[in-house]
Amino acid sequence: IREVRLVLGDQLNAKHTWWRTQHDNVLYVMMEMRQETDYVKHHIQKIVAFFAAMRNFASAIEQAGHRVHYMKLDDANNTQSLTQNLAAILAQHPNAKLSCMLPDEYRVDHQLRSWAGKEDIHIDWVDSEHFLTQRTVLAEWFPGRDNFLMESFYRRVRKQFDIMMEGDKPEGGQWNYDHDNRNKLPKSSSVIAPSCPANDVTDIHQMVTQQDINYFGDIDPQHFIWPTTRKQARDILSFFCQHQLAHFGTYQDAITDTEVHDHAWSLYHSRLSFAMNSKMLHPMEVVNAVLTHWRENEGTISINQVEGFIRQIIGWREFIRAIYWHHMPEYKNLNALGHQRDLPKFFWDGETHMRCLSQAIKQSLKYAYAHHIQRLMLTGNFALLAGCDPDQVDGWYLGIYIDALEWVELPNTRGMSQYADNGVLATKPYISSANYIKKMSHHCSQCRYNPDKKTGEGSCPFNSLYWQFLARHESHFSNNQRMAMMYSVWNKKTQEEQKALAKQAEYYLNNMDDL
Ligand code: FAD
């Protein structure tokens, strides 16, 4: 063996140049490890999904004629550490050099580099050939700048990759159709059942259980719903184009209730994040499939659906990664608002009378999935208003979602959702009172709490917590123009009203486990 090539669990990119040529003296190494199952408490589906996808990927490249050394979690010689396993493999092949695809998580990147430095091992780094932009893109595109706007970044990617462009103008005349994408889902709309694989992952599930891993969440191991092969991932993409794309933008921000709509958990969302984050699907493949379907069906799918979706992939997803690499490792410790409260117990079981939170959390436990607005405006909004410790909030999001890898989870959670980065990602905190939830969802009419009541018995906690958050952080936000309106409403309230709101919020904060 002249070369050992490491393939991490989220580097399942079948189109990578590595696989273009077969070499008998190149050994591909893949490992299931406790260091990856245990760095945070994980949802069982996340662990199983990665291992199942890794095993399928390993056998696919083996069948294509490549040499693969695959280490299972319960293999006797598995040290459960990436670098110790690598050291043992290199010891067996003393003449081999080591090549690695650039990891996307700082944690793993740092581990490999510091080990190699200490052991005096040279690593040949290659790109993972997945993202459209490089880790250093922000410094390159916006030299000398400290704050970055997603919209400017997005326009630049669109121009550079010639996506929905007519010359140097955006197709349709506008860069962004967000104002068409904020609709509530009518009760009468029918939501199509999402297409899900029914994988049998019993063997992996049993192995994980036998290894005494500390996981949480539900799983049906005989009908596992997440894609574990590239073919399954492509099937979900094509289902999305055919059945969901036409409504994606319009109802992108909508939230509905399980009693009002079947399939409330997924609505018109693509559920492609796991397939993309594990690199089974390339973002350009997703973009091209959507554009092709749209062009073949022009007239039936409006531009706001397509632009809204493509912006998530080539705008938000790439931008979030760029922010992560621009600001790590400091970003992981930011806590601009000094929040320290423990996350309430109901985040772990969904047992709360707040119907919106209960449904968002219970579906997350059931499917390891919630759509963006549930993450941002329900669980995230509540954690922020309640002043929960961003470390705990991060741990929860990183553990529970099928798509949670730190490069994408951390800026979304600590930055966009918790404002712990002091506005690097969001120009103002994403907070709302019950009003927004009532406007965008179907939960409130069936909830024990009254969204129109601000204080007193049965008042929705989102109301008093919202005003108390603003009061608590007034000095922090007093110069933020985008918050001026909220503060002018707050300051118009009488002292009695302000006091009653503060008292109500304190009561709820002191009794969070009973909410
Ligand atoms: P769709 O709604 O169908 O969107 C299509 C694709 O766009 C997604 O698959 C995703 O790749 C991309 N996308 C959309 N929004 C974002 C965004 N804000 N950042 C990055 N990519 C985006 N996404 C993750 O992939 N992993 C995470 O760990 C994660 N944690 C989050 C935590 C919080 C607090 C919030 C508010 C958002 C988080 N997101 C995360 C972003 C987003 O919620 C998910 O990407 C999305 O819900 C995945 O479902 P989907 O594939 O059905 O997405």
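Note that the coordinates shown come from a computational prediction; the quantities given were computed from them, not determined experimentally.

Caption draft 1: Quick peek at the overall build of the protein. Looking only at helices and strands, the protein has 20 helices and 7 strands in total. On C-alpha atoms alone, the protein measures out to a radius of gyration of 24 Å, which is about the 24 Å that the 2.2 N^0.38 rule sets for 515 residues. When its C-alpha atoms are laid out on the principal axes, the protein stretches across 80 × 50 × 50 Å. For the protein, the proportion of its 515 residues judged to be buried stands at 46%.

Caption draft 2: Region of interest: helix H15 (residues 406-417). With 12 of its 12 residues buried, H15 lies for the most part within the structure. Taken as a whole, H15 has its buried residues at Glu406, Trp407, Val408, Glu409, Leu410, Pro411, Asn412, Thr413, Arg414, Gly415, Met416 and Ser417. Elements that come into contact with the buried residues of H15 comprise helix H4 (106-119), helix H9 (273-277), helix H11 (303-327), helix H13 (372-385) and helix H14 (390-400). Two residues or fewer after H15 comes tyrosine 419, characterised by a positive phi angle close to 55°.

Caption draft 3: Seen up close, the sheet that holds strand E4 (residues 97-101). Pairing within the open sheet is parallel, and its 5 strands lie in the order E3-E2-E1-E4-E5. Edge positions in the sheet fall to strand E3 (67-71) and strand E5 (123-126), since each has one partner strand and no second. If you compare each strand with its neighbour and ignore which way they point, the axes differ by 25° on average. Relative to E5, E4 runs parallel, the two sharing 4 bridges. Bridge pairing links cysteine 100 to tryptophan 125 in E5. Across the sheet, helix H2 (residues 44-63) is in contact with strand E2 (26-31) and E3; its angle to E3 comes to roughly 160°.

Caption draft 4: Local environment of the nonpolar core. Counting 135 residues, the largest nonpolar core has Val29, Val48 and Leu385 as its most contacted members. In terms of residues, this core owes the most to one element, H2, which gives 12 residues. Non-local contacts of leucine 385, meaning those with residues more than four positions away in its chain, are made with Ile431, Phe462, Leu465, Tyr466 and Phe469.

Caption draft 5: Representation of the site of the ligand in the model. As a structural note, the neighbourhood of the ligand is formed by 27 residues, with His269, Ser270, Gln312, Ala404 and Glu409 the closest of them. Where the shell around the ligand is concerned, the elements lending two or more residues are H9, H11, H13 and H15. Residue contributions to the shell around the ligand peak at 6 residues, all from H15. Its residues assigned to classes, the shell around the ligand shows 11 nonpolar, 11 polar and 5 charged. Among the domains, domain 2 (137-200 + 228-326) and domain 3 (345-514) are the pair contributing at least three residues each to the shell around the ligand.

Caption draft 6: Examining the domain arrangement of the protein more closely. One can read the domain layout of the protein as domain 1 (3-126), domain 2 (137-200 + 228-326) and domain 3 (345-514). Placing the centre of domain 1 and that of domain 3 at their C-alpha centroids yields a distance of 39 Å. Each partner contributes residues to the interface: domain 1 has 12 residues there, and domain 3 has 10 residues. Mapped by element, the contributors of at least two residues to the side of domain 1 that touches domain 3 are H2 and H4. At 3 residues, the largest contribution of residues to the side of domain 1 that touches domain 3 is made by H2. Grouping the amino acids of the side of domain 1 that touches domain 3 by side-chain chemistry returns 3 nonpolar, 3 polar and 6 charged.

Caption draft 7: Looking closely at the packing of helix H17 (residues 461-472) against helix H20 (residues 495-510). Orientation of H17 relative to H20, taken along the N-to-C sense of each, is 110°, at an axis distance of 8 Å. Taken together, the axes of H17 and H20 lie roughly perpendicular to each other. For the pair H17 and H20, the crossing hand works out as left-handed. The segment H17 lies against H20, with Pro461, Ser464, Leu465, Trp467, Gln468 and Ala471 engaging Gln498, Leu501, Ala502, Gln504, Ala505 and Tyr508. For the contact of H17 with H20, the class distribution of residues is 8 nonpolar, 4 polar and no charged.

Caption draft 8: Quick look at unusual backbone geometry. Between methionine 328 and the following residue, proline 329, the backbone shows a cis peptide bond with an omega angle of 5°. Topologically, proline 329 is positioned in the loop between H11 and helix H12 (355-367). Non-glycine residue aspartate 212 carries a positive phi angle of around 60°. Following the sequence through the fold, aspartate 212 ends up in the loop between helix H7 (202-210) and helix H8 (230-248). Exposure remark for aspartate 212: the 8 C-beta atoms within 10 Å place this residue in the exposed category.

Caption draft 9: Looking closely at the packing of H8 against H11. As a packed pair, H8 and H11 sit with axes 7 Å apart at the nearest point and diverge in direction by 100°. By the angle class used here, H8 and H11 are roughly perpendicular. Contacts from Leu245, Ala246, His247 and Phe248 of H8 reach H11 at Gln305, Gly308 and Phe309. Grouping the constituent residues of the contact of H8 with H11 by class yields 4 nonpolar, 3 polar and no charged.

Caption draft 10: Quick look at the pairing of E4. Two strands pair when backbone bridges link them, and strand E1 (residues 3-6) and E4 are joined in this way by 4 bridges, in the parallel orientation. Opposite glutamate 3, over in E4, you have lysine 97 as the bridge partner. In this fold, E4 hands off to H4, which returns the chain to E5; that crossover is right-handed.

Caption draft 11: Highlighting the confidence of the model for the protein. On average, residues of the protein carry a pLDDT of 97, and 100% of them reach 70 or more. Across the interface, the model reports ipTM at 0.99; the global pTM reads 0.97.

Caption draft 12: The environment of proline 429, seen in detail. By the secondary structure assignment, proline 429 is in the loop between H15 and helix H16 (434-440). The class for proline 429 is buried, based on 27 C-beta atoms found within 10 Å. Sequence separation between proline 429 and glutamine 418 is 11 residues, and the spatial gap between their C-alpha atoms is 7.2 Å. When near neighbours in sequence (up to four residues on either side) are disregarded, proline 429 contacts Leu384 and Tyr419.

Caption draft 13: The arrangement of H13 in detail. For H13, which comprises 14 residues, the first-to-last C-alpha distance of 18 Å matches the rise-based estimate of 20 Å (1.5 Å per residue) to within 8%. Counting buried positions over the 14 residues of H13 gives 13, a clear majority of the element. Two residues or fewer past H13, glycine 387 is found with a positive phi of approximately 75°.

Rules behind the numbers
Residues numbered from 1 in each chain as written. Predicted model: local features only at pLDDT ≥ 70, side-chain atom pairs only at ≥ 80, totals over all residues. Helix = DSSP H or I, 4+ residues; strand = E, 2+ residues; numbered from the N terminus. Rg over C-alpha atoms; globule rule 2.2 N^0.38 Å. Buried ≥ 20, exposed ≤ 12 C-beta atoms within 10 Å, placed from the backbone. Contact = placed C-beta atoms within 7 Å. Pairing = 2+ DSSP bridges. Axes fitted to C-alpha atoms, helices over the stretch in contact; angles between N-to-C directions. Core = buried A, V, L, I, M, F, W, Y, C linked by C-beta atoms within 7 Å. Near = placed C-beta within 6 Å. Nonpolar A, V, L, I, M, F, W, Y, C, P; charged D, E, K, R; others polar. Domains from an automatic or database assignment. Parallel < 35°, antiparallel > 145°, perpendicular 65-115°, else oblique. Left-handed = near helix turned anticlockwise from the far one by under 90°. Right-handed = clockwise from strand over helix to strand, strands pointing away. pLDDT = per-residue confidence, 0-100. Expected span 1.5 Å × (residues − 1).

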